[in-house]
Amino acid sequence: MKKILVINSGSSSFKFKLFSFPEEKVLAEGMADRVGLDDSSFETKLADKSKHVDNIDIPDQTTAVKLLLTNLKKYDVINDPHEIIGIGHRIVAGGEKFKNSSLITKDNLHEIYDLQEYAPLHNVAEADDIKAFIDRLPDVPEVAVFDTSFHQSLDPVHYLYSVPYEYYRKYKVRKYGAHGTSVRFVTQKAAQMLNKPLTDLRLIVCHLGSGASITAVKDGKSLDTSMGFTPVAGITMSTRSGDVDPSLLEYVMHKENLIMDEMISILNHKSGLLGISEISPDMRDLREDMTPLTGEKKRKADLTRNIFINRICRYIGSYIVEMSGVDGIIFTAGVGEHDYGVRERVMNALKFLGMKPDLEANRANKEGLISQPDSKIATLLIPTNEELMIERDVVRVAKLK
C-alpha cells in the first residue's frame with residue numbers, strides 16, 4: 001500500500017499523520033511532545049483506536065523522525081519505509097520566496113533556514129525535519145506547505161505598513177499572515193456545501209484557535225487577513241495580544257524597565273485571554289456554561305469574552321466593507337468549532353445585515369450550516385483539516401500517481 005506522511009512541527013513538538021494513497025484514509029497519527037525538554041514522550045495512535053505512548057528522551061527533531069519511522073514499523077503500520085511515497089511539511093514562514101507549496105531538496109533547503117527571522121521558533125525545527133527525512137529517505141519527495149503562501153495574493157494596499165518604504169525594500173517588512181492552509185481547506189469545503197464556485201464567493205474565515213485570525217477571501221483568493229508581519233497581530237488570542245498601539249509598548253517598557261525582547265515575549269505569551277482574565281488562556285475556563293465563576297473572576301471572564309468577540313466583529317465588519325458585502329462566514333479551529341456562544345454572539349451582531357442564526361443548529365456544534373436557509377449571510381461551521389490539505393498538496397506538487 002502506498003502512503004503519504006504529513007509532518008507538523010513546532011519548536012518543541014512534532015505531529016504526524018500517515019495517509020493511505022489514494023484513499024486518504026488515516027492509518028496512524030500522533031506526536032512527539034516536549035522535544036528538547038525534560039519528560040518528553042512519543043505517542044502513536046493507530047487506525048484501530050489503540051494508543052501507544054513511549055516516555056523517552058527526544059533531544060531534537062532528528063530523533064523524533066527516527067522514532068517515528070521506528071514506531072511505524074514496530075506497530076505494523078508499514079513494512080518498509082519505502083512504502084512512503086511522499087512527505088509533506090507544514091512550514092510557518094515562506095516570506096516572499098515561496099508563493100506556493102514547493103518541492104524541497106538538499107539544494108534549496110537552506111532557503112527555509114534563511115527565513116528563520118520571520119518565524120525563529122518554527123522554521124528551524126521544520127527545516128531540521130526535512131533534512132532528517134532527506135537523510136533517511138533520500139528518494140522520497142519532500143513538499144513544503146507554507147502558512148504564508150495563501151496570502152501572497154494580497155496587494156500592496158493590504159500588505160504594506162505605513163512606515164518608510166525603504167524597510168520593505170531592504171528587509172521585506174510587510175504583512176504575511178498565517179493559517180493559510182486552514183483557510184484554503186475550509187473555503188473549498190464551504191463552496192462545496194453552498195454548491196457555488198469558490199471564485200464567485202465572498203467569504204470571511206474565523207480561524208479561532210489558540211492562535212486566531214480572520215481572513216477575507218474573495219474570488220477564491222486571500223484579500224486581507226488579520227495577522228501581520230508575525231502572528232501576534234490581529235484579534236485577541238489565547239496568550240497573544242493582537243493589535244496594540246506601538247507607543248504603549250515604549251510606555252510600559254520604561255515603567256517596567258523591560259527590553260524589547262521581554263516586551264515581545266509578554267505580547268506573545270502573557271497577553272490575550274490570559275492577560276485580560278488573569279484566569280486562563282483557555283476559553284473553556286472562561287465560559288459560564290462550563291466553568292462556574294463568581295464575583296470578580298466572573299466579571300473578568302465576561303470582560304475577556306466580550307473583548308474577544310468585539311475584536312472578531314471589528315475585523316468582520318471591516319472586511320464586509322472591503323469586499324462590498326459577504327456571502328458566507330466560516331467558523332473553524334478549536335474555539336470556532338466548539339464554542340457556540342462565541343458564534344451566536346457574532347451572528348447576532350450581524351442581524352442588521354440580514355443574518356438569521358439557526359440557534360438549534362449552532363448549539364449542536366456539528367459541521368454544517370448554522371444560519372437559516374433564507375439568511376442573507378450563510379454561516380457555516382467547518383472543522384479544519386490542515387493535514388489533509390497538506391497531503392493533497394504533496395500529491396499535486398510531487399505529481400504522485
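Residues numbered from 1 in each chain as written. Predicted model: local features only at pLDDT ≥ 70, side-chain atom pairs only at ≥ 80, totals over all residues. Heavy atoms only, no water.

Quick notes on the sheet that holds strand β12 (residues 328-332)
Then, in step 1: Read from one edge to the other, the open sheet built from six strands follows the order β11-β10-β9-β12-β14-β13, with strand pairing classed as mixed. Two strands close off the open sheet at either side, each with one partner strand: β11 (221-225) and β13 (368-369).
Then, in step 2: Judged from the four bridges that link them, β12 and strand β14 (residues 378-381) form a sheet pairing that is parallel. Note on β14: the bridge partner recorded for Phe331 is Leu381. (Pairing = 2+ DSSP bridges. Helix = DSSP H or I, 4+ residues; strand = E, 2+ residues; numbered from the N terminus.)

Quick word on the packing of aromatic side chains
Then, in step 1: Applying the stated criterion across every chain yields a total of eight aromatic pairs.
Then, in step 2: When the ring of Tyr159 is compared with that of Tyr168, the centres are 5.8 Å apart and the planes differ by 45°; the resulting orientation is tilted.
Then, in step 3: You can call Tyr168 buried: its relative accessible area is 11%.
Then, in step 4: Following the ring pairs from residue to residue traces out a cluster consisting of Tyr118, Tyr176 and Phe229.
Then, in step 5: When the ring centre of Tyr168 is taken as origin, the NZ or CZ atom of Lys172, which lies over that ring, is 4.9 Å away.
Then, in step 6: We note Arg174 situated over the ring of Tyr159; from NZ or CZ to the ring centre the distance is 3.8 Å. (Phe/Tyr/Trp six-rings, centres within 6.5 Å; stacked < 30°, edge-to-face > 60°. Buried < 20%, exposed > 50% of the residue type's maximum accessible area, 1.4 Å probe, protein only. Lys NZ or Arg CZ within 6 Å of the ring centre and 35° of its normal.)

Description of the sheet that holds strand β8 (residues 142-146)
Then, in step 1: Read from one edge to the other, the open sheet built from eight strands follows the order β5-β4-β3-β2-β1-β6-β8-β7, with strand pairing classed as mixed. The two strands at the open ends of the sheet, each matched to only one other strand, are β5 (51-55) and β7 (102-104). Within this sheet the neighbouring strands show an average axis-to-axis angle of 20°, counted without direction.
Then, in step 2: Where strand β4 (residues 41-46) lies against β5, five bridges are found, and the strand directions are antiparallel. (Axes fitted to C-alpha atoms, helices over the stretch in contact; angles between N-to-C directions.)

Let's talk about the state of the cysteines
Then, in step 1: Counted according to the given criterion, the structure contains zero disulfides.
Then, in step 2: Of all cysteine sulfurs, the one in Cys313 lies closest to Cys206, which takes part in no disulfide; the gap is 8.6 Å.
Then, in step 3: For Cys313, a relative accessible area of 24% translates into the label partly exposed. (Disulfide = S-S within 2.5 Å.)

Quick word on unusual backbone geometry
Then, in step 1: Cis peptide bonds are those with omega within 30 degrees of zero, and the linkage from Phe21 to Pro22 qualifies with 10°.
Then, in step 2: Secondary-structure assignment places Pro22 in the loop between β2 (13-21) and β3 (26-33).
Then, in step 3: Located in the positive-phi region is Asp39, a residue other than glycine, with phi close to 60°.
Then, in step 4: Residue position: Asp39 is located in the loop between β3 and β4.

A few points about the packing of helix α10 (residues 295-322) against helix α12 (residues 340-349)
Then, in step 1: Look at α10 against α12: their axes get within 10 Å of each other, and the N-to-C directions meet at 45°. The orientation of α10 relative to α12 falls into the category oblique. Judged by the twist between their axes, the crossing of α10 over α12 is right-handed. Between α10 and α12, the residues in contact are Arg305, Asn306, Phe308, Ile309, Ile312, Cys313 and Ile316 and Gly341, Val342, Arg345, Val346 and Ala349, respectively.
Then, in step 2: The residue inventory of the contact of α10 with α12, partitioned by class, reads eight nonpolar, two polar and two charged. (Parallel < 35°, antiparallel > 145°, perpendicular 65-115°, else oblique. Left-handed = near helix turned anticlockwise from the far one by under 90°. Contact = heavy atoms within 4.5 Å. Nonpolar A, V, L, I, M, F, W, Y, C, P; charged D, E, K, R; others polar.)

With respect to the side chain of Asp339
Then, in step 1: With respect to the helices, strands and loops of the structure, Asp339 is situated in the loop between α11 (333-338) and α12.
Then, in step 2: According to the relative accessible area criterion, Asp339 is buried, its value standing at 3%.
Then, in step 3: There is a polar contact of 2.9 Å between the side chain of Asp339 and the side chain of Arg305.
Then, in step 4: For Asp339, the side chain forms a polar contact with the main-chain nitrogen of Gly341, separated by 3.1 Å.
Then, in step 5: Setting aside residues no more than four positions away along its own chain, Asp339 makes contact with Met283, Arg287, Arg305 and Asn365. (Polar contact = N/O pair within 3.5 Å; in protein donor to acceptor, adjacent residues only side chain to side chain.)

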